[in-house]
Amino acid sequence: MSWFESLVLGLVQGLTEFLPVSSSAHLRLTAAFSGWEDPGAAFTAITQIGTETAVLIYFRKDIGRIVSAWFRSLFDKAMRHDHDAQMGWLVIVGSIPIGVLGLTLKDQIEGPFRDLRITATMLIVVGVVIGIADRLAARDETGGRHRAPKQRKSLENLSVKDGLVFGLCQACALIPGVSRSGATISGGLFMGYRREAAARYSFLLAIPAVLASGAFEVKDSVSEGHVAWGPTLFATVIAFASGYAVIAWFMKWISNKSFMPFVWYRIALGVVIIALVSADVLSPHAAESAS
């Protein structure tokens, strides 16, 4: 991998990680359209450490409160009713599905799941799902001629059951094309949560999963020596900087804007990919990385 490739792929990772468009799909597609080797699942997992560092910094006050309250709740029974302490447990509960499935399906994630036909299908299908969730949320928020606006849930209403559903939605993002934020936020909208609440929990929920995945990939890469560390670390820094800017914009935008531009983008991109693969312009299979 060249330094220019790492710059471009780092930007792509940072710009798409928090948007409901699938960063793993865009990394795979950027390489395919550019004629580069597939950066691979290891590159994706390691550069995501950069974007999750941006989450840690952006939500540092929330994370500090949650971690502090959670630790105190281990020794103080009264603290177990504190919302921040409960959020700590709910993030742990919500992380279980992706942890179990990530380990179980590791070979598929690094191989068959990276087929561009699967990526394109997921872009379209999940795009439709996001569109439906968005319309339901908009209907509740605006009401109608004969219907009053419906009060949507906040994170204070989050239960263990809902946390697990969020976690299952997040686990779907193991397949390129799904989108971690798209799956978890749309899942939250279907369960009746406000857009900003669903996005906030989605970002917090991603922290343990992404950091753990990145740590495993770093360990494996050190022992196997199949990662070009200079370009990969450079891409990780670029992903951090661009990812932080996207979080700041997205959290302001999501509170009262529609997801439909992302929905139409996903569907159009999926259709284009299917057309190009069908015409043999793009190979559906990833090239072996020689990094």
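- By the naming in an unreviewed UniProt entry, the chain is Undecaprenyl-diphosphatase, taken from Streptomyces sp. 900105245.
- Recorded in UniProt under Catalytic activity (unreviewed entry), the annotation for the chain is "di-trans,octa-cis-undecaprenyl diphosphate + H2O = di-trans,octa-cis-undecaprenyl phosphate + phosphate + H(+)".
- Annotation of the chain in UniProt includes, under Function (unreviewed entry), the sentence "Catalyzes the dephosphorylation of undecaprenyl diphosphate (UPP). Confers resistance to bacitracin."

Points about unusual backbone geometry
Okay, step 1: Despite not being glycine, Ser22 has its phi angle at roughly 80 degrees, a positive value.
Okay, step 2: Secondary-structure assignment places Ser22 in the loop between helix H1 (3-16) and helix H2 (23-34).
Okay, step 3: Judged by relative accessible area, Ser22 falls into the buried class, the value being 2%.
Okay, step 4: Even without glycine at this site, Asp280 takes up a positive phi of about 60 degrees.
Okay, step 5: Note on placement: Asp280 falls in the segment after helix H12 (260-278).
Okay, step 6: When its relative accessible area of 68% is taken as the criterion, Asp280 is described as exposed.

Some words on the UniProt feature "transmembrane region" (unreviewed entry) in the chain
Okay, step 1: UniProt's feature table lists "transmembrane region" (unreviewed entry) at residues 40-59, 87-105, 117-137, 198-216, 228-251 and 263-282, given in the numbering used throughout.
Okay, step 2: In residues 198-216, helix accounts for 100% and strand for 0%; the two terminal C-alpha atoms are 28 Å from one another.
Okay, step 3: Taken as a whole, residues 263-282 contains 80% helix and 0% strand, while its terminal C-alpha atoms sit 23 Å from one another.

Details of empty space enclosed by the protein
Okay, step 1: With the rule as written, the count across this model stands at one cavity of 30 Å³ or more.
Okay, step 2: Its boundaries defined by the atoms lining it, the largest cavity holds a volume of some 40 Å³.
Okay, step 3: In terms of lining residues, the largest cavity is bounded by Glu17, Phe18, Glu52, Arg180, Ser181, Ser202, Phe203 and Ala206.
Okay, step 4: When residues of the lining of the largest cavity are traced back to their parent elements, those giving at least two are helix H9 (180-190) and helix H10 (195-224).
Okay, step 5: Examining the composition of the lining of the largest cavity, we find that three residues originate from one element, H10, more than from any other.
Okay, step 6: The class makeup of the residues in the lining of the largest cavity is three nonpolar, two polar and three charged.

Observations concerning the layout of surface pockets
Okay, step 1: For the largest pocket, the calculated volume is near 680 Å³.
Okay, step 2: Residue lining of the largest pocket: 32 residues in total, with Ala45, Gln48, Ile109, Leu174 and Ser213 positioned closest to the centre.
Okay, step 3: Counting only elements with at least two residues in the lining of the largest pocket, the list comes to H2, helix H3 (40-58), helix H5 (83-104), helix H6 (106-110), H9 and H10.
Okay, step 4: Considering each element in turn, the lining of the largest pocket owes the most residues, seven residues, to H10.

Some words on the nonpolar core
Okay, step 1: Tyr201, Phe250 and Phe259 are the most contacted members of the largest nonpolar core, which totals 45 residues.
Okay, step 2: Beyond its immediate stretch of four places on either side in the chain, Phe250 contacts Phe18, Leu19, Pro20, Ile185, Phe203, Phe259 and Phe262.
Okay, step 3: Counting nine residues, the second largest nonpolar core, distinct from the first, contains Leu29, Ala32, Ala120 and Leu282.

Considerations on H9
Okay, step 1: Taken across its eleven residues, H9 has ten buried, putting it largely inside the fold.
Okay, step 2: When we look at burial in H9, the residues that qualify are Arg180, Ser181, Gly182, Ala183, Thr184, Ile185, Ser186, Gly187, Gly188 and Leu189.
Okay, step 3: Note on H9: the residue one or two positions beyond its end, Gly192, has a positive phi of about 95 degrees.

Describing a nonpolar patch on the surface
Okay, step 1: On the surface, Val67, Phe71, Leu74, Phe75, Trp89 and Ile92 cluster together to form a nonpolar patch covering roughly 610 Å² of accessible area.
Okay, step 2: When contributions to the nonpolar patch are tallied by element, the ones reaching two or more residues are helix H4 (60-73) and H5.
Okay, step 3: Position of Leu74 among the secondary structure elements: in the loop between H4 and H5.
Okay, step 4: Since its relative accessible area comes to 32%, Leu74 is described here as partly exposed.

A closer look at the packing of H2 against helix H7 (residues 116-142)
Okay, step 1: Following both chains from N to C, one finds H2 and H7 inclined at 130 degrees, their axes separated by 11 Å at the closest point. Regarding the angle of H2 to H7, the classification is oblique. By crossing handedness, the relation of H2 to H7 is classed as left-handed. Facing H2, whose interface residues are Ala25, Arg28, Leu29 and Ala32, H7 presents Leu116, Thr119 and Leu123.

Rules of the game
Residues numbered from 1 in each chain as written. Predicted model: local features only at pLDDT ≥ 70, side-chain atom pairs only at ≥ 80, totals over all residues. Heavy atoms only, no water. UniProt positions renumbered as here; feature names shortened; annotations may be inferred. Helix = DSSP H or I, 4+ residues; strand = E, 2+ residues; numbered from the N terminus. Buried < 20%, exposed > 50% of the residue type's maximum accessible area, 1.4 Å probe, protein only. 1 Å grid on protein atoms, 1.4 Å probe; cavity = no way out; pocket = protein on both sides within 12 Å on 5 of 7 lines; lining within 4 Å. Points joined across faces, edges and corners; volume = space filled by probe spheres on them. Nonpolar A, V, L, I, M, F, W, Y, C, P; charged D, E, K, R; others polar. Core = buried A, V, L, I, M, F, W, Y, C linked by side-chain atoms within 4.5 Å. Contact = heavy atoms within 4.5 Å. Patch = residues over 30% accessible without salt bridge, like charges linked within 9 Å, V, L, I, M, F, W, Y side chains within 5 Å. Areas by Shrake-Rupley, 256 points an atom, 1.4 Å probe, with all protein chains shown as cover. Salt bridge = Lys/Arg side-chain N within 4 Å of Asp/Glu carboxyl O. Axes fitted to C-alpha atoms, helices over the stretch in contact; angles between N-to-C directions. Parallel < 35°, antiparallel > 145°, perpendicular 65-115°, else oblique. Left-handed = near helix turned anticlockwise from the far one by under 90°.

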